[in-house]
Amino acid sequence: MKKTGFLLLFMIVCTALVFPSNIKNANEVQDQWEDLVELSREGGTTRIASTQSFSIQSFSVAVEPVVEAYMGKNALTVSVQNYSGPVFVEIYGAKGATSSFFEVFNNGVGVVTLEGLGADEYRIRITIGDITYTGTIYKGKYGNR
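Let me sum up the structure you'll find in this document. (Residues numbered from 1 in each chain as written. Predicted model: local features only at pLDDT ≥ 70, side-chain atom pairs only at ≥ 80, totals over all residues. Heavy atoms only, no water.)

**Digging into the environment of Ala75**
Which entries qualify depends on this criterion: Counting from the N terminus, the helices are DSSP H or I runs at least four residues long and the strands are E runs at least two residues long. Every residue pair with non-hydrogen atoms within 4.5 Å of one another is taken to be in contact.
Positionally, Ala75 belongs in strand E6 (residues 75–93). The sequence separation of Ala75 and Glu115 amounts to 40 residues, and the corresponding C-alpha distance is 7.9 Å. Not counting chain neighbours up to four residues away, the residues in contact with Ala75 comprise Tyr70, Val111, Val112, Thr113 and Leu114.

Set out below in structure tokens:
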């Protein structure tokens, strides 16, 4: 009976010591996921999409483009919906700058690598048509802000 009680107590203590270390490792993995970048819109007008049915009736629907940016470990992913045309992405800061261009057909995604840019705060500007979205990203040691 004493062996069983000691063995049970030993297993509980070992489990209690191992469990918190697993939580710490799970948080480290979660930190490598992409974070949504807050963007603000500057200027532009709403694009009008026209649709015709049976060549008799036509109507217009206001379609608002949806732009989202996600910051990964060493890349910025830009997602654009409800827009067709060129997308220009500019990233600039005190330790460097980079830019990228990709074409979207109604929906699309572009990835801008941040290789060669030092750890710092960077401004981003995403231009689609006459609409500009701006935001701030943090690369490297500044990413925990």
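Once the structure has been displayed, the description carries forward.
**Re the packing of aromatic side chains**
Defined as follows: Between 30 and 60 degrees the pair is tilted, below 30 it is stacked and above 60 it is edge-to-face, where a pair is any two Phe, Tyr or Trp rings, Trp via its six-membered ring, whose centres lie within 6.5 Å. Buried residues are those whose accessible area, probed at 1.4 Å on protein chains only, stays under 20% of the maximum for their type, while exposed residues exceed 50% and partly exposed ones sit between those limits.
This structure, assessed with the given rule, holds 1 aromatic pair. Where Phe88 meets Phe101, the ring centres are 5.2 Å apart and the plane angle is 40°; that geometry is what we call tilted. Placement of the pair is Phe88 in strand E6 and Phe101 in strand E7 (residues 96–113), with a sequence separation of 13 residues. On the basis of relative accessible area, Phe88 is assigned to the partly exposed category, the value being 40%.

**Things to note about the pairing of E6**
Here is the key point about a regular strand: its side chains alternate between the two faces of the sheet. Inclusion rule: Two strands qualify as a pair provided DSSP detects at least 2 bridges between them.
Sheet topology note: the strand E5 (residues 66–71)/E6 ladder contains 6 bridges and is antiparallel. Across the sheet, the residue bridging to Ala69 is Val78, located in E6. In this structure, the hairpin formed by E5 and E6 is closed by a connection of 3 residues. The pairing of E6 with E7 spans 18 bridges and is classified as antiparallel. For Ile91, the partnering residue across the bridge sits in E7 and is Thr98. Counted along the chain from E6 to the antiparallel partner E7, the turn is 2 residues long. Looking at chain direction, E6 and strand E8 (residues 120–128) are connected through 7 bridges and run antiparallel. Opposite Glu90, over in E8, you have Arg125 as the bridge partner.

**Points about the pattern of salt bridges**
Basically, it comes down to this: We count a salt bridge whenever a side-chain nitrogen from Lys or Arg sits within 4 Å of a carboxyl oxygen from Asp or Glu.
All chains considered together, the criterion is met by 2 salt bridges. One salt bridge connects Arg41 with Glu64, and the closest N-O pair in it is separated by 2.0 Å. Here Arg41, found in strand E2 (residues 39–42), pairs with Glu64, found in the loop between strand E4 (57–63) and E5; they are 23 residues apart in sequence, far enough to count as distant. A residue is classified by how much of its surface remains accessible, and Glu64, at 34% relative accessible area, is partly exposed. We note a salt bridge from Arg125 to Glu90, for which the minimum N-O separation is 3.2 Å. Of this pair, Arg125 sits in strand E8 while Glu90 sits in strand E6; the two residues are 35 residues apart in sequence, bridging distant segments of the chain. On the basis of relative accessibility, which here comes to 30%, the residue Arg125 falls in the partly exposed class.

**Quick word on the nonpolar core**
Soluble globular proteins tend to bury their nonpolar side chains together. How we decide: Residue types Ala, Val, Leu, Ile, Met, Phe, Trp, Tyr and Cys, when buried and joined through side-chain atoms within 4.5 Å, form a set referred to as a nonpolar core.
Membership of the largest hydrophobic core comes to 23 residues, with the highest contact counts inside it found for Leu76, Val87, Val89, Ile91, Ile126 and Ile137. At the level of secondary structure, the elements contributing two or more residues to this core comprise E5, E6, E7, E8 and strand E9 (131–139). Considering every element that reaches this core, the biggest residue donor is E6, with 7 residues. Beyond its immediate stretch of four places on either side in the chain, Ile91 contacts Leu76, Gly96, Ala97, Thr98, Val112, Leu114, Leu117, Tyr122, Arg123, Ile124 and Ile137.

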